[in-house]
Structure formats: structure tokens, C-alpha cells
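Coordinate analysis (summary)
Single-letter residue listing:
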Amino acid sequence: MRKLAILVILLVSSISLCGQNKTMYSQLREQWEEASSEELYKHINRIQEWQANDTTIVLYSILYNRNKENADEQSKQYAVLSCIRIGKIYYYQGNYTNALDFFIRGLKICECCKDQSLIREFYLNMGNIYCTFQDYEKGISCYESGYKWCAEYPDNRCEYSLLTNLVGAYSKLGNAEKTREYYFQMQKKISADDPVRTYMNQLTWGLVLINEKKYRDAIAPFQRAADIARNFHLEPRYESASYSQLYHAYLNMNQKDSTLYYLNKCQKMAKEHNLVGTQVENYRVYSILHEMSGDSQQALLYKSKFLSLSDSIFNVREFHRVKNTQYLLEIGQVEKEISQLNREKAKKETEIRHQQKMLLFVMGISVIAGIFLIIAYLQKKHLSVAYQKIFNVNRE
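First, a word on scope: everything that follows refers to the structure included in this document.

Cut-off values and rules
- Residues numbered from 1 in each chain as written.
- Predicted model: local features only at pLDDT ≥ 70, side-chain atom pairs only at ≥ 80, totals over all residues.
- Heavy atoms only, no water.
- Helix = DSSP H or I, 4+ residues; strand = E, 2+ residues; numbered from the N terminus.
- Buried < 20%, exposed > 50% of the residue type's maximum accessible area, 1.4 Å probe, protein only.
- Contact = heavy atoms within 4.5 Å.
- Areas by Shrake-Rupley, 256 points an atom, 1.4 Å probe, with all protein chains shown as cover.
- Axes fitted to C-alpha atoms, helices over the stretch in contact; angles between N-to-C directions.
- Parallel < 35°, antiparallel > 145°, perpendicular 65-115°, else oblique.
- Left-handed = near helix turned anticlockwise from the far one by under 90°.
- Phe/Tyr/Trp six-rings, centres within 6.5 Å; stacked < 30°, edge-to-face > 60°.
- Lys NZ or Arg CZ within 6 Å of the ring centre and 35° of its normal.

**Brief notes about the overall build of the protein chain**
What the protein chain contains, in helices and strands, is 16 helices and 0 strands. Scored against the burial criterion, the 396 residues of the protein chain give a buried share of 40%. In the protein chain, the share of contacts with a sequence separation of at least 24, taken over all contacts with a separation of at least 6, comes to 59%. Counting only carbon and sulfur atoms, one obtains 55% of the accessible surface of the protein chain, whose full area is about 23,800 Å².

Right under this line is the structure:
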């Protein structure tokens, strides 16, 4: 009897919870049903991705679902904008597979738009997710694809972000030549009035030095980057990233005390601001430090935390499912390009055949005209001879 009562309570609670969720979604739909897509977009676009919550996602979902099936350009643009914003919100929440899913959806719609300027943004964000999963080759492929689109749709901010991330991705692969090459391309986009770019200038220069094994020289730019992030009150992830690079540099120099000092600072910020991805790497390095000290129990504890948190945020199976969706999209793009080339080839062949027929027709006309000219010439010559004979006879 007691078990039955517990089951009833659980059932009622679950029904109540579903009802509440449905009510929340329904209320938002009803609230914005009469509003135009433009009004809805303006309302939610004011919210920064890293400040967004589930309500923001629901509102963007309403905007997306309202416009995704429409064929007109404005509707497609709202669907594209919704996808990129939902994807970014999921990314900041650490829900990477959902983020990638929406970026791929948006990319697919954007490729059908007249204005395809946001394609570069989709590749930028997709590259970020692949690099988060340490698939740096795929991340680089996305960044370079996005950078190519900047030639058609120039955008200084997006180009700078793509070049910055290419520096970071190539540094992870240990490619010092490419890291330096993209760093100097990035320098052409530097703006002295932008603290984020000033910060990234210092951080990426440190990465160039790290790849050249100049660990001690890399300390100063990483410290300057941390100071810029703190003094200009940039998002917490910037200062945290500086501390992460600092402790990795000291770890490469086998300076345990300095490594632990910046690791603790990084972990404190990561916990305070829910920077989950940063915490994963921190736990891994804590495990390494304790193993170096011979404390196998603490090393095992932090390794367990590292694996547990990795499994919870990096759903590798789901990631590969979404990744395969992009492969299918890329296959579709290739097939589309091949079909286009085949259509162009067929069109050219048709034009060539038409030109050949026209040439044969002209040649035929020319031959006939030539024959007539020859006949006319012979007749004229024959008449001239006849007239000459008649003239001679009459003269006699």
C-alpha cells in the first residue's frame, strides 16, 4: 500500500511538472503569437548569449519554428539568426552537441538564402565546438572555410576571430610555422580601441612562443593578457584562459609551485563562473601534479573527477551523430556542385552543338552562294562572248 502511494505521488509530480513546462511554453507562444517576427527578434536579441536562460531558448525556438518552412528571404534570415543564437546559448551552457546541431541547421538554411554572409559565423562556431572536442583538424577546416567566405562578405570582426582561432588550433597541433603565419595575418586586424583584441594579441603571441618552445618568454604576454582581462572587466573566460596558459607554461618548465598557483586561480574562477570545460582540464592537470608528487590517492581522485566531468559534458556518441549530419551536409554540397558542373557542361555541349549546326548552315549557304556566283560569272562570261560575236558580225 505504501509503495502504491509513493508511485501515485511520483506520477502526480511528473504530470504536474510536465504541465508546468507545457504551460510555460504555451504561455510564451500565446504571449508572442500576435507579435511580428521582427518584434520578437528585437526583444530577445538584447540578451547576451552567456546571460541567456531556458526562456531565451524557448523564445528563439518559437521564432525558428515560425520561419523555418517559409520560402521568403526575410523568414529564412530569421530562422538563420535563431539557429546561430540558440547554438551560441547552448555552447555557453556547455551543451555542445545541441549547439552543433543548430549550427548545422542554420548553415543548411543559410546556403539557400540570397544573403549568405552568416555562413562565415556558422563555420567559426562549428570550428569552436570541434576544437572543444579536440578535433583540431576538423576545427581548422571549418575556420579556413569561414575565412574564405570573408573574401565575399568582408567583416573585420569575424576575420579577426577566425584568424585568432586558427592560431590557437594550429598551436594545439604543434605547428609552429602555421601558428606564426596566422598570428601575423591577425596582426593586420588589430584595433587599439578594442580591449578584447588587445588581450588576444598578447595571448596568441604567447601561444606562438610556446610552440617555439620559448616557455619562459611566453610568461610575460600571458600575464599581460590576464591584466587586460581583469582591468577591462572582460568576460570571466578571458582571465581564466590566461591563467590556464600560464600554468601550462610553468608545467612545461617543471615548476610545480608556479603551476599550482595559477592552476588554483584558474580553478577558482572556473567554479565561480561555471566554466565547465576549463574545470575538466584543471582536474586533469591536478591529477598530473599529484602523480608527480607521488600522491597516488589524490591523483586517482582528480583523475576520477576529470573522467566523470568529461563524460557528463562531452557526449562523444551524440557528438559523432551530429558530426555525421555535417558530413551528410557536405556530401550534399559536393553532389550539388557536381550536378551544377554537369548542368554547365551539358549547357556548353548544347551551345557547341548549336554553334556547329549554325556553322554548317552558314557553310552550306556560303557554298550555295558560291555556286550561284560561279554560275552567274560563267553565264556573264558566255553572254559577253556571244555579244562580242554579234558585234563582230554586225560590223562586217
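**Here we look at the packing of helix H8 (residues 156–172) against helix H10 (residues 195–211)**
For the pair H8 and H10, interaxial distance at closest approach is 9 Å and the crossing angle is 25°. It follows that H8 is roughly parallel to H10 by the angle criterion. Seen along the crossing, H8 lies across H10 with a hand that is left-handed. Residues Asn156, Arg157, Tyr160, Thr164, Val167, Gly168, Tyr170 and Ser171 of H8 form the contact with H10, whose participating residues are Arg197, Met200, Asn201, Thr204, Leu207 and Asn211.

**So, unusual backbone geometry**
Leave glycine aside and you will find that most residues have negative phi; peptide bonds, for their part, are mostly trans. Of note, Gln134 is a non-glycine position whose phi angle comes to about 65°, a positive value. Assessed through its relative accessible area of 57%, Gln134 is described here as exposed.

**Let's talk about the packing of aromatic side chains**
Summed over the entire model, instances satisfying the criterion amount to 17 aromatic pairs. Judged by centre distance (5.7 Å) and plane angle (10°), the ring pair of Tyr170 and Tyr182 falls under stacked. On the criterion of sequence distance, the pair formed by Tyr170 in helix H8 and Tyr182 in helix H9 (residues 176–187) is long-range, its members being 12 residues apart. The pair formed by Tyr170 and Tyr182 is uniform in burial state, with each residue classed as buried. For the pair Tyr286 and Tyr302, a centre-to-centre distance of 4.8 Å together with 25° between the ring planes defines the contact as stacked. On the criterion of sequence distance, the pair formed by Tyr286 in helix H14 (residues 276–292) and Tyr302 in helix H15 (residues 296–313) is long-range, its members being 16 residues apart. Grouping aromatic residues by their ring pairs yields a cluster made of Tyr91, Tyr92, Tyr96 and Phe133. Geometry around Phe102 places Arg105 over its ring, the cationic atom sitting 4.3 Å from the centre.

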